[in-house]
Amino acid sequence: MFRKKAARLAWALIFLFSPWLAGASHSQTLTMRDALARALAASPRLTAAERDVGIAAGQRIQAGALLNPEVSYEQDNSFGTGKFRGTKSAETTLQISQAFELFGKREARVAAGAAGVETAAIQRQAVRLEVLSETAIAFLNVLGGQRRIQILDEQVAAIDKLTPLLQRRVEAGASSPAETGRAEVASALVKADRERLRSTLASARRELAVLMGDTAPKFAAVSGRLDATGQPPAFKAIVAAIDANPQLVRWTAVYAQRNAQLLLARLKPYPDVTIAAGWRHFNETNDDAVRLTFSVPIPVFDQNQGNVLSAQESLAKTKAEREATRNTLIVIAGRAYDSVQGSLRELTVLREVAIPKAEQASQAISDGYSQGRFSLLEVLDAQASLAQARLREQEALQNFHIAVATIEGLVGNPFSLARESSR
């Protein structure tokens, strides 16, 4: 049941971003859906987790194996002295023996092995969700970096667009020649910021490429949109949904495995039975006889008390480990949830006040500059304020979607957002 749910969830995460991150793509443009699919196919962590399932399955098979029988050969009363010289008086015995486990020991081993397989399978789903979440975040970092560089390109173009007008004003004596240098400095500083962002983008692109199994990016760019947002569910609902995270679900299987191990430790002192049957030949009389053996160990000195205590403590430790994992997940989800809420508030201020006012001011000052009513410094300051507001918007959008991807990876189920229309 859980495996089917986890499989549906993995594909749901792949398609989750398509409504708001889908964009026109071509052969060299990477979409979120392609990135997630490639990461799942190439992830060595997921491959290792799948091998862990195979290892656990092998241990489960071995746990159910019966004990092997033993064959023994004995020769008595030979190579001695007197009448026992040579093998004339020898007694030879050929015997086969079989040990039988009692009190459900084999069943306890099988139960522990089956729980180990379930634990490994659930852990594989946890790794799968982690790979999807990490890849989504890496993709968003690349997408956000591309957009910020685009904003700086637009700012450089706006400054360079002033150059012809500035030259005419200088030639007409309306502006000082020093203003030309001021414009060049402003353009150079923006270009320097752009180069720093390009370095950050290069690192983000390489990280995404590595997650997809490549040592270097093989895509020209990523395509998608960041401008759609929406309100997440209440944090209480997110905390409740965290219990479905495979990292927590696996502790149920771990508890079953450790409980079976405790039972096995308690059963070990109970003696098993070994039954043997053989054929004995007496050389001296040339007679034959059947030999039967029944043996049971006496558990006097070793009651397996140390292993029982260890298994008890391990079982008792399970609940604490689950709670510690749950607390960690809640803290991470809380940080991401606060980031979502903070980003939404920041976007509200930027979209309702900062960006519209900055656009109006920039346009008015640019128009007034051509009429001689504003200085170049005022034009550059207005353009810088507008670019800064747009950069802040992109940063807030990127933080919002990264936080959403983090939460969805933790709760084990994507939540729906009431998405706005694009600006």
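Look up a bit, the structure's there.
Values in this document were obtained by computation on a predicted structure and should not be read as measured data. (Residues numbered from 1 in each chain as written. Predicted model: local features only at pLDDT ≥ 70, side-chain atom pairs only at ≥ 80, totals over all residues. Heavy atoms only, no water.)

Trans peptide bonds make up most of the peptide bonds, and negative phi angles are found at most residues other than glycine. At N286, a position not held by glycine, the phi torsion is positive, near 60°. Relative to the elements of secondary structure, N286 occurs in the loop between β5 (273–282) and β6 (287–295). Phi at N304 is positive, roughly 60°, even though this residue is not glycine. Positionally, N304 belongs in the loop between β6 and α9 (305–370). (Helix = DSSP H or I, 4+ residues; strand = E, 2+ residues; numbered from the N terminus.)

Strand order in this open sheet of 4 strands is β2-β3-β5-β6, and the pairing throughout is antiparallel. A single partner strand is all that each edge strand has here, and the edge strands are β2 (70–76) and β6. The sheet shows a mean angle of 20° between the axes of neighbouring strands, direction not considered. Bridge analysis of strand β3 (residues 91–100) against β5 gives 10 bridges, and the strand direction is antiparallel. Along β5, the bridge assignment pairs I96 with A277. (Pairing = 2+ DSSP bridges. Axes fitted to C-alpha atoms, helices over the stretch in contact; angles between N-to-C directions.)

We now examine the nonpolar core. In this structure, L30, F139, L208, F219, V222, Y369 and L376 are the most contacted members of the largest nonpolar core, which totals 50 residues. Elements with a contribution of two residues or more to this core: α3 (32–42), α4 (44–63), α5 (105–171), α6 (178–211), α9 and α10 (376–411). For this core, the element with the most residues is α5, which contributes 17 residues. Counting residues in hydrophobic clusters, the runner-up holds 17 residues, among them L248, L329, I330 and Y337. (Core = buried A, V, L, I, M, F, W, Y, C linked by side-chain atoms within 4.5 Å. Buried < 20%, exposed > 50% of the residue type's maximum accessible area, 1.4 Å probe, protein only.)

Moving on: α4. Between its first and last C-alpha atoms α4 spans 28 Å; for 20 residues at 1.5 Å apiece the expected length is 28 Å, and the two agree. Along α4, the residues that are buried comprise L46, A49, V53, A56 and A63. Burial along α4 is one-sided: seen end-on, the buried residues are contained in an arc of 90°. Of the residues in α4, the exposed ones pointing more than 90 degrees away from the buried face are P44, I61 and Q62. Its side-chain oxygen 3.4 Å from the backbone nitrogen of R45, S43 forms the N-cap of α4. (Expected span 1.5 Å × (residues − 1). Arc of directions from axis to C-beta. Polar contact = N/O pair within 3.5 Å; in protein donor to acceptor, adjacent residues only side chain to side chain.)

Let us look at the environment of Q247. Of note, Q247 is situated in helix α8 (residues 246–267). Looking at Q247, the relative accessible area reads 22%, which means it is partly exposed. Put simply, Q247 and I122 are 125 residues apart on the chain and 7.7 Å apart in space, counted from C-alpha to C-alpha. Sequence-distant contacts of Q247, defined by excluding residues within four places in its chain, comprise A126, E130, T325 and L329. (Contact = heavy atoms within 4.5 Å.)

Bridge count for β5 against β6 is 9 bridges, and the pairing is antiparallel. Looking at β6, one finds that I275 is bridged to F294. As consecutive antiparallel partners, β5 and β6 are separated by 4 residues, and within that stretch N286 has a phi angle of approximately 60°, a positive value.

This brings us to the environment of L262. Mapped onto the secondary structure, L262 falls in helix α8. What makes L262 buried here is its relative accessible area of 4%. Counting along the chain gives 46 residues from L262 to V308, while the straight-line C-alpha distance between them is 6.3 Å. If sequence neighbours within four positions are ignored, L262 has contacts with V308, A311, Q312 and L315.

Right, let's get into the packing of helix α7 (residues 235–242) against α10. At a minimum axis separation of 8 Å, α7 and α10 run at an interaxial angle of 45°. Between α7 and α10, the angle falls in the class oblique. Facing α7, whose interface residues are I238, A241 and I242, α10 presents I407, L410 and V411. (Parallel < 35°, antiparallel > 145°, perpendicular 65-115°, else oblique.)

Turning next to the side chain of T135. Along the chain, the position of T135 falls in helix α5. A polar atom in the side chain of T135 sits 2.7 Å from the backbone oxygen of V131. What T135 contacts, discounting residues up to four positions off in sequence, is A35, L36, A39, L208 and L211.

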